[in-house]
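Fold and geometry: a report
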Amino acid sequence: MTVAPPHRHGTDVAEVLDCLADVLGRDPADLDPDTTLTALGLESFTAVRLRRRLREDAAMDLPLTAFLGAATARTVAAGVVPAQKTAPEPERPASLHARPWDRAGPGDPFPLTAIQSAYLVGRDPAFPLGGVATFYYHEFDRHPDGDPDADLARLGTAWSALVRRHPMLRMVVGADARQRVLDDVGDYMIESVDLRSSPPAAVTARLAELRNRCSHQVRPADTWPLFDVRAALLPDGRTRLFVGVDVLALDLTSWMLLMREWDELVADPGATLPALPATFAELIGRRAADPEEGRRRARDLAYWSARAATLPHGPALPWTAPPAQLGVPHFTRHAARLPAQQWQRLRRRGAERGLSPTGLLLAAFAMALQRFGAGEAFSLNTTLFDRDDVAGGDTTPGLDRVVGDFTSTVLVEVPAADPAGEFAAFADAVNRRFWTDMDHRSVSGIEALRELYDRGDRPRPTDPDTGLPVPVHPVVFTSGIGLAGPGIAPTAWLGEEVFGVSQTPQVLLDHIVHDAGGDLTVCFDIVDGALAPGVAAGLRDAHATLLARLADSDDAWTDPALGWDPSMRAAEPVGPSPFPATGPLLSDPLRASATAEPERPALIESAGVVDRATLMARAAATGRALTALDIGPGDLVAVLAEKGAAQVTALLGVLESGAAYVPVEPVWPGARIASVCAQAGIRHALVVPGTATSWPAGVTAHLLDEHGALDDSDLDGGDLDGG
């Protein structure tokens, strides 16, 4: 294990550029020391590697936030740390200890990691939102070059080679909740169903049945394998592949690695892949035994001891029911895609503001949640794939090809967003909070809460009926940004992905972002029934709209109106016909009934009954009179009358002209009437006899008859002067 020399505060710029070039995979000569690190492409997981390299090669120990904002290689070399308000770290409570790791020989059982333990416990259907495995599932339509049967055989042979190569593909979990790797499991046979001679309806039904059976599997943890690969041979020559893996065995980075290696072995069955210098169990054990790691855990446990006690719960979205009432969850994916060029523009605009791509996407997700009801501050469970830390700085070739579940989680507090605030400022706050908390990632969010509850510093939330713990942070943010590496997506060789979904116990919503193949893919995997119909799709669409606006416009980043509309759409000018598909006019029902039943009563008042034909005739007369005054669609007419038959007649008369009415109460003071007329642009008013008021200049008042009608023959003598 590499031991870092004593820390110092500054170093040479060239040394920083060498470290930066190494983690970014670039030539130091191509890196400008005065360009911001985020603009050069530094991401959250590469920042972790940069910090480690600087600590080991240059004896510099900077917080991750030193790489954000306007940070450059030159500021890093000078040891410049951005000012921030941080509470002093409390003394570590005696109850907090780094958990030991049992040394195990080859084939011996070894402990589950904290995240693996949580996944295993979550399988128990007794727990709210339990009864599911943490399962990644994808379907691909493959077009074999040649015989589909021979192609399927090559796929199976190559997969079996991967099983022999990677111990965690032979892993099971025993009744003692310890994992062990089986020595020899034989060749893996890809189960297939031949639908090449089936009619279309039968093919559709069978594919739906396979999806239903395969997508939400809970494979026995103590029985190999913890993955499932099968196929359906279709009439048009396609092969539908169904691929699912339990995350107990491997994480998202490992999944992408496996897909690339599977491609290599299918293309060349005789290919020799690089040797693996260590196993997952060895790397995890090595980290647990590292004294430096022990000191780091002690520091991070103390940090979380203070932080976790005040962390808010997850976002209070408009959930339809408490988690315990939703039963065993079934997830549905709502996905969107940002094309590669638009995604690059979004990254560039974020980098110009000192934001990492993951931090930017985290902030956009948080804003969408707040606009859909989260409101106050909340915490998100963010998923990290921390294999570089597991390797402990070991640069032995091949460690990046080790497969396993290196997942950890960090609870990130998101502040309440000011609806009139700028997205740029909100994103900067979220980004810095994320990177600050990530600096203490050796203790996962799961461990932080467990320590908190075990010490009694905060009551453990439980279901009132069962007494079992309920999830308080059921919304997850999972970023795979940069994990796939450059070039085409790791699964592109398999064919077109036609379906995908993930499941996680104790989770209501898992938001997954990744940029494999250049495009940005955004997935909302949501428990069915957790949100009212249409809300999940609306949340997905609003989030996609927000990302597109931020990618395409600099103004959106500082637009205070950005967050007022939950849909995130930009304001659009209202044209001359803003509602082209409107329904019938308000007066149409009266007109129809006056024709069909002219003598039926329309208005009943103390003075008598007004039938429908009479009411329609009076309204039509008013309409003709207003039309003669050049009043029509787009105009507003004030109507001053007490509530009664005369007022109704006058209002209907205004509608007959095509204009709209503005009711004015006779008791209103003149100043209020003047204000209403000015704001509405009113030029004409209808006044019932017996009501008098002072009208502002520019408004012509027309006196109605005792029935509330205006006749064009009365216009010459019926006008009242404005003023």
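Placed above this text is the structure.
So, here is what we can say about the structure in this document. (Residues numbered from 1 in each chain as written. Predicted model: local features only at pLDDT ≥ 70, side-chain atom pairs only at ≥ 80, totals over all residues. Heavy atoms only, no water.)

Right, let's get into the pattern of salt bridges. As a working rule, side chains carrying opposite charge can pair if their charged atoms are close by. A full pass over the atoms with the stated rule returns 44 salt bridges. In this structure, Asp-525 engages Arg-333 in a salt bridge whose closest nitrogen and oxygen atoms are separated by 2.7 Å. Here Asp-525 is found in strand 14 (residues 520-527), whereas its partner Arg-333 is found in strand 8 (residues 331-338), with 192 residues between them in sequence. The salt bridge partner of Asp-515 is Arg-347, with a shortest N-O separation of 3.4 Å. Taken together, the residues Asp-515 in the loop between strand 13 (509-514) and strand 14 and Arg-347 in helix 11 (residues 340-352) connect sequence positions 168 residues apart. For Asp-515, a relative accessible area of 12% translates into the label buried. (Salt bridge = Lys/Arg side-chain N within 4 Å of Asp/Glu carboxyl O. Helix = DSSP H or I, 4+ residues; strand = E, 2+ residues; numbered from the N terminus. Buried < 20%, exposed > 50% of the residue type's maximum accessible area, 1.4 Å probe, protein only.)

Turning our eyes to something else, we now look at the packing of aromatic side chains. Overall, the coordinates contain 13 aromatic pairs when judged by the stated rule. Plain terms: the ring middles of Phe-423 and Trp-557 are 5.5 Å apart, the flat faces sit at 65 degrees to each other, and that makes the pair edge-to-face. Here the residue Phe-423 occupies a position in helix 14 (residues 423-438), and Trp-557 occupies one in the loop between helix 16 (535-552) and helix 17 (588-596), the gap between them amounting to 134 residues. The same class applies to Phe-423 and to Trp-557, which are both buried. (Phe/Tyr/Trp six-rings, centres within 6.5 Å; stacked < 30°, edge-to-face > 60°.)

Here we take up helix 12 (residues 357-374). With 17 of its 18 residues buried, helix 12 lies for the most part within the structure. One or two positions beyond helix 12, positive phi appears at Gly-375, with a value near 65 degrees.

With that settled, the discussion passes to the sheet that holds strand 12 (residues 496-503). If you trace the five strands from one edge of the open sheet to the other, you get 5-6-7-2-12, paired in mixed fashion. Each edge of the open sheet carries a strand with a single partner, namely strand 5 (191-194) and strand 12. Across this sheet, the average inter-strand angle for adjacent strands is 15 degrees, counted without regard to direction. For strand 5 and strand 6 (residues 227-233), the ladder comprises four bridges, and the chain directions are parallel. The residue bridging Glu-191 from the neighbouring strand is Arg-230, located in strand 6. The strands touched by helix 7 (residues 200-214) are strand 2 (135-142), strand 5, strand 6, strand 7 (239-246) and strand 12; relative to strand 6, the strand with the most contacts, the crossing angle is about 180 degrees. (Pairing = 2+ DSSP bridges. Axes fitted to C-alpha atoms, helices over the stretch in contact; angles between N-to-C directions. Contact = heavy atoms within 4.5 Å.)

Once that is clear, we can look at the nonpolar core. Residues Phe-67, Leu-346 and Phe-423 are the most contacted members of the largest nonpolar core, which totals 89 residues. Of the residues forming this core, the biggest block, twelve residues, is contributed by helix 12. By size, the runner-up hydrophobic cluster in this structure holds 56 residues, among which are Ile-115, Leu-152, Met-171 and Ala-231. (Core = buried A, V, L, I, M, F, W, Y, C linked by side-chain atoms within 4.5 Å.)

Attention shifts here to the sheet that holds strand 3 (residues 171-173). Strand order in the open sheet made by the three strands is 1-4-3, with antiparallel pairing throughout. Of all strands in the sheet, those with a lone pairing partner are strand 1 (110-111) and strand 3, marking the two edges. Taken together, the three bridges between strand 3 and strand 4 (residues 178-181) define a ladder with antiparallel strand orientation. Each residue of the ladder has a partner; that of Val-173, found in strand 4, is Gln-179.

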